[in-house]
Amino acid sequence: MRIFGTRRTRAVVVALAAGSLVLTACGGNSDSGTKDDSKTQEDAAAQAEAVTYGDAKASTGPAAEVPGAKAGGTMTVFQEDDFSHLDPAQTYVSDGKLLDRLLQRGLTQFQEDDKGKLTVVGDLATDAGKATDGGKTWTFTLKDGLKDQTGSAITSADVRHSIERMYAPFITDGPTYIQNWLSGAGTTYRKALPDGPYKGKHLPDSVLATPDAKTVVFKFKTAQPDLPQALTMPGYALVPKKTDTKEKYDTAPMSTGPYKIADFKPGKSMKLVKNTNWDPKTDSVRHQYVDGFNIEFNHDDDDQTKTLLADRGEAKNTVMFTGQVSTNQVRNVVQDPAAKKRTIDGYAPYVWQLNFNLQRIKNKKVRDAIAYAMPSAQIYKLDGGAYGGETATGLMSPTTPGYEKGYDPFGKLKKPNGDVAKAKELIKEAGAEGQKLVYAYANTPVRQQQSVVIAKRLEEIGLKIVKKEIDQATWYEQVGKVDNGLDLYMTGWGQDWPSPSTVIPPSFDGTQLQDGSAVYSHIDDPKVNSEIARILKITDPAAAQKEWAKLHRDIVERVNPAAPIYFTKVFQIFGSNVGGARYSSDSSYVDVTRLFLKK
């Protein structure tokens, strides 16, 4: 999944780059004696554990009560930017996922305990699904009493419609796992239903069947043991057939979850109120404690942090969604015991990487030079310091099964601020001195500050850099175009569930390259493509994990489609009247399903 947002700060770049950040590396102390208790790779390893599949009992609502929870009141949410999509089928970024946990439901969902352990349970379905034929066939039965926000009963026809509309040409930004599994790898799945269900055609029953109003059957050519996890993604949430408005659905979606949109002013605010047709007896994951949420846009992280740290008035009832403690406020939050109690933190699954457009930067020595040169430590210090991340050594996060601790092909552990001499040598060998590259970055304070550091280093090793600023709200849409006109650009990608199969194929399978895909480097390497296809057929998770690790090394070392910059962590603060807040290892931010106001 794509990461949305960064820590935004108005701190001076020069001061931070010079090493004045308050906290040192993991486990160390600041120069002021403040202990750094940010999350470590040991915490990340715990998040890499395989999930379990829940039975009917685990899937039966209502959800377990949150200790001390009270009903009533309206909670405020601060957001930097508007949501790029409201149609769940187009949702593939982290802030959209948090919103959809309140608005939308799918066949399955993750249930999380207090230790962050995840179990897939039935959401609209009675359980996590029943597999037959060695995992090639999956059957789901819908629960009784399911309704959308209009009060219409939810049937298997709505589930079929939700899957089939993912094939329509206007759906470009959502996940493609299930479409690929049902109808062909890469972009070939679209041929199976080029207009989606909108002209009366459907996938054959030999692929997707709905024998009655409550039964949905997926039929695959090969075993797909991860289907219950894939179905937890917001992209596969229900879109009722009767209320589907195609492209217009992206501005006014129907709700199947505990809340619905009452008012939406794009770029300004969104108001959520209770969906009275949501029945808690059908939902073992979500709660409906507060009466609603007032989501306010245009609050950068610096503004959010200062307001929540002050904890006055409405700020007491306020949470961040994907906002985080701003870099220049980390010390103030950590050193204030009362404020520190109002924080959550976790090791997130994302890797920020500097993508090389392989259609334009074809000389591998140039790519290697840039990878060696990147001053990772300086870059992540601008995004929260030790509480925001740590130097990345590869393209798989420590939260991903198969991550190899210590694997460091570009020597980042010994030289976290880059190896300029090595980079200059490679640029000279490539005959690339003075080569012009277009480097794009988002128009947020952190990305602007990071761009200064990155551009300076690129020029230091002998390249000529043309900088291009892009609006953060449309960042992934712009860099996700096949013909984007760019050479270098940072993206953050993390696992969709604990498996390398949700990292390597979406990012590096050239057969998936299309506008809106996550193949940001435009890699289309025959060996990589064939290895992905081979490993995806391995049904033993442990055996597959070993093969993904080997392929990861091959991608990084032989191809080098992106320079690893930093692994991410999350550090958030909330108001003193907010109850139930905890870090979610599923969403990588606050767990929005259990929030309440204390009074």
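Residues numbered from 1 in each chain as written. Predicted model: local features only at pLDDT ≥ 70, side-chain atom pairs only at ≥ 80, totals over all residues. Heavy atoms only, no water.

### Structural notes on the overall build of the protein chain
Cut-off, in case you're wondering: Secondary structure follows DSSP: runs of H or I at least 4 residues long count as helices, runs of E at least 2 residues long count as strands, and numbering of each begins at the N terminus. Restricting the calculation to C-alpha atoms gives the radius of gyration, and the globule rule supplies 2.2 Å times the number of residues raised to the power 0.38. Between buried and exposed lies partly exposed: a residue is buried under 20% and exposed over 50% of the maximum accessible area for its type, with that area taken using a 1.4 Å probe on protein chains only. By definition in these notes, contact holds between two residues if any of their heavy atoms fall within 4.5 Å. Here, Shrake-Rupley sampling with a 1.4 Å probe gives the accessible areas, and only protein chains in the shown set may cover a residue. Neither His nor the chain ends contribute to the count of charged residues, in which Lys and Arg are positive and Asp and Glu negative. All charge positions are set by atom: Lys at NZ, Arg at CZ, Asp at CG, Glu at CD.
When its secondary structure is counted, the protein chain shows 17 helices and 20 strands. Relative to its length of 599 residues, the protein chain is compact, with a C-alpha radius of gyration of 23 Å against a globular reference of 25 Å. Taken along the three principal axes of its C-alpha coordinates, the protein chain extends 65 × 55 × 40 Å. For the protein chain, buried positions account for 63% of its 599 residues. The contacts in the protein chain between residues at least 6 apart in sequence include a share of 76% that link residues at least 24 apart. Carbon and sulfur atoms make up 51% of the accessible area of the protein chain, which totals about 21800 Å². Charge-centre separation for the protein chain: the mean point of 77 positive side chains lies 1 Å from the mean point of 73 negative side chains.

### Quick look at the pattern of salt bridges
To keep things clear, this is the line we draw: Salt bridges are counted wherever a side-chain nitrogen of Lys or Arg sits within 4 Å of a carboxyl oxygen of Asp or Glu.
All chains considered together, the criterion is met by 32 salt bridges. Of the charged contacts in the structure, one is a salt bridge between aspartate 123 and arginine 286, with a shortest N-O distance of 2.9 Å. Linking aspartate 123 in the loop between strand S4 (118-122) and strand S5 (130-132) with arginine 286 in the loop between strand S10 (269-274) and strand S11 (292-296), this pair joins segments that are 163 residues apart in sequence. By the burial criterion, aspartate 123 is buried, and arginine 286 matches it. Two residues, glutamate 404 and arginine 553, come together in a salt bridge whose shortest N-O distance is 3.0 Å. Taken as a pair, glutamate 404 in the loop between strand S14 (389-391) and helix H12 (420-429) and arginine 553 in helix H17 (residues 541-559) lie far apart in primary sequence, 149 residues in all.

### Notes on the packing of helix H16 (residues 526-535) against H17
Quick note on the threshold: Each axis is a line fitted through C-alpha atoms, taken for helices only over the stretch in contact, and angles between the N-to-C directions span 0 to 180 degrees. Roughly parallel covers angles under 35 degrees, roughly antiparallel covers those over 145, roughly perpendicular covers 65 to 115, and oblique covers all other angles. Gly is placed with the polar residues, together with every amino acid not listed as nonpolar (Ala, Val, Leu, Ile, Met, Phe, Trp, Tyr, Cys and Pro) or charged (Asp, Glu, Lys and Arg).
Where H16 contacts H17, the axes come no closer than 10 Å and their chain directions differ by 170 degrees. Classed by the angle they form, the pair H16 and H17 counts as roughly antiparallel. Residue-level inspection shows Lys527, Val528, Glu531, Ile532, Arg534 and Ile535 of H16 in contact with H17, the latter providing Ala544, Glu547, Trp548, Leu551, Asp554, Ile555, Arg558 and Val559. Looking at the contact of H16 with H17, its residues break down into eight nonpolar, no polar and six charged.

### Considerations on H12
Quick reminder of the rule: The arc refers to the directions leading from the helix axis to the C-beta atoms. Under this definition, polar contacts are N or O atom pairs within 3.5 Å; protein pairs additionally need one hydrogen-donor-capable and one acceptor-capable atom, and for neighbouring residues in sequence, both atoms have to be side-chain atoms.
All of the buried residues in H12 are Val420, Ala423, Leu426 and Ile427. Each buried residue of H12 lies within a common arc of 125 degrees when the element is viewed along its axis, so the set occupies one face. Set apart from the buried face of H12 by more than 90 degrees, the exposed residues are Ala421 and Lys428. Looking at the buried positions of H12, the neighbouring elements they touch are helix H10 (364-373) and helix H13 (445-460). A distance of 3.5 Å separates the backbone nitrogen of alanine 421 from a side-chain oxygen at the start of H12, and that oxygen is part of aspartate 419. Glycine 431 sits one or two residues past H12 and shows a positive phi near 65 degrees.

### Digging into the side chain of aspartate 87
Here aspartate 87 is to be found in the loop between strand S2 (74-78) and helix H3 (94-103). Exposure remark for aspartate 87: the relative accessible area of 1% places this residue in the buried category. If sequence neighbours within four positions are ignored, aspartate 87 has contacts with Arg165, Phe170, Ile171, Val239, Lys246, Tyr249 and Asp250.

### Quick word on the packing of aromatic side chains
Stated formally: Here a Phe, Tyr or Trp ring, Trp counted by its six-membered ring, pairs with any other such ring whose centre lies within 6.5 Å, and the pair is stacked when the planes are under 30 degrees apart, edge-to-face when over 60, and tilted otherwise. Any Lys NZ or Arg CZ that is within 6 Å of a ring centre and within 35 degrees of that ring's normal is treated as a charge sitting over the ring.
Under the defined criterion, the tally for this structure stands at 19 aromatic pairs. Plain terms: the ring middles of tyrosine 259 and phenylalanine 293 are 5.1 Å apart, the flat faces sit at 85 degrees to each other, and that makes the pair edge-to-face. Pair noted here: tyrosine 259 is in strand S9 (residues 259-265) and phenylalanine 293 is in strand S11, with a separation of 34 residues, a long-range link. The residues tyrosine 259 and phenylalanine 293 share a single accessibility class, namely buried. A ring pair is formed by tyrosine 372 and phenylalanine 410, whose centres lie 5.3 Å apart and whose planes are at 90 degrees; its orientation type is edge-to-face. Here tyrosine 372, found in helix H10, pairs with phenylalanine 410, found in the loop between S14 and H12; they are 38 residues apart in sequence, far enough to count as distant. This pair shows no difference in class: tyrosine 372 is buried, exactly as phenylalanine 410 is. Clustering of aromatic rings is evident, with ring pairs tying together Tyr53, Trp138, Phe140, Tyr177, Trp181, Phe218, Phe220 and Trp497. Cation over ring: arginine 165 sits above tyrosine 249, and NZ or CZ is 5.3 Å from the ring centre. One cation-aromatic arrangement involves lysine 246 over tyrosine 198; the distance from NZ or CZ to the ring centre is 5.0 Å.

### Thoughts on H3
With ten of ten residues buried, H3 is to be regarded as a mostly interior element. Every buried residue of H3 is accounted for by Ser94, Asp95, Gly96, Lys97, Leu98, Leu99, Asp100, Arg101, Leu102 and Leu103. The inward-facing, buried residues of H3 contact strand S3 (108-112), S9, S10, S11 and strand S13 (343-356).

### Details of the nonpolar core
Formally: Joining through side-chain atoms within 4.5 Å is the link that ties buried Ala, Val, Leu, Ile, Met, Phe, Trp, Tyr and Cys residues into a set, and such a set is a nonpolar core.
Counting residues in each nonpolar core, the largest one holds 140 residues, and the members touching the most others are Phe218, Phe293, Ile295 and Ile370. If we skip the residues at most four places from it in the chain, isoleucine 295 touches Val77, Gln79, Phe83, Leu99, Lys268, Ser269, Met270, Leu272 and Phe321. Judged by nonpolar contacts, the second largest core, of twelve residues, contains Leu308, Val330, Val334 and Ile573.

### Describing the confidence of the model for the protein chain
Spelled out, the test is: Values of pLDDT, ranging from 0 to 100, describe the predictor's confidence in every residue of the model.
Averaged over all residues, the pLDDT of the protein chain equals 91, while 93% of them reach at least 70. This model gives residues 6-33 a pLDDT under 50, and the stretch forms 86 contacts once residues within four places in sequence are excluded.

### Quick notes on the pairing of strand S15 (residues 436-442)
Here is the rule we go by: Note on handedness: a clockwise path from strand one over the helix to strand two, with the strands aimed away from the viewer, defines a right-handed crossover. Strands are treated as partners if at least two bridges between them are detected by DSSP.
Most of S15 sits out of view: six of its seven residues are buried. In this region the chain leaves S15, passes through H13 and returns to the parallel neighbour strand S16 (residues 464-470); the handedness of that crossover is right-handed. In the sheet, S15 pairs with strand S17 (residues 488-493) via two bridges, with the strands oriented parallel. The residue bridging tyrosine 439 from the neighbouring strand is leucine 488, located in S17.

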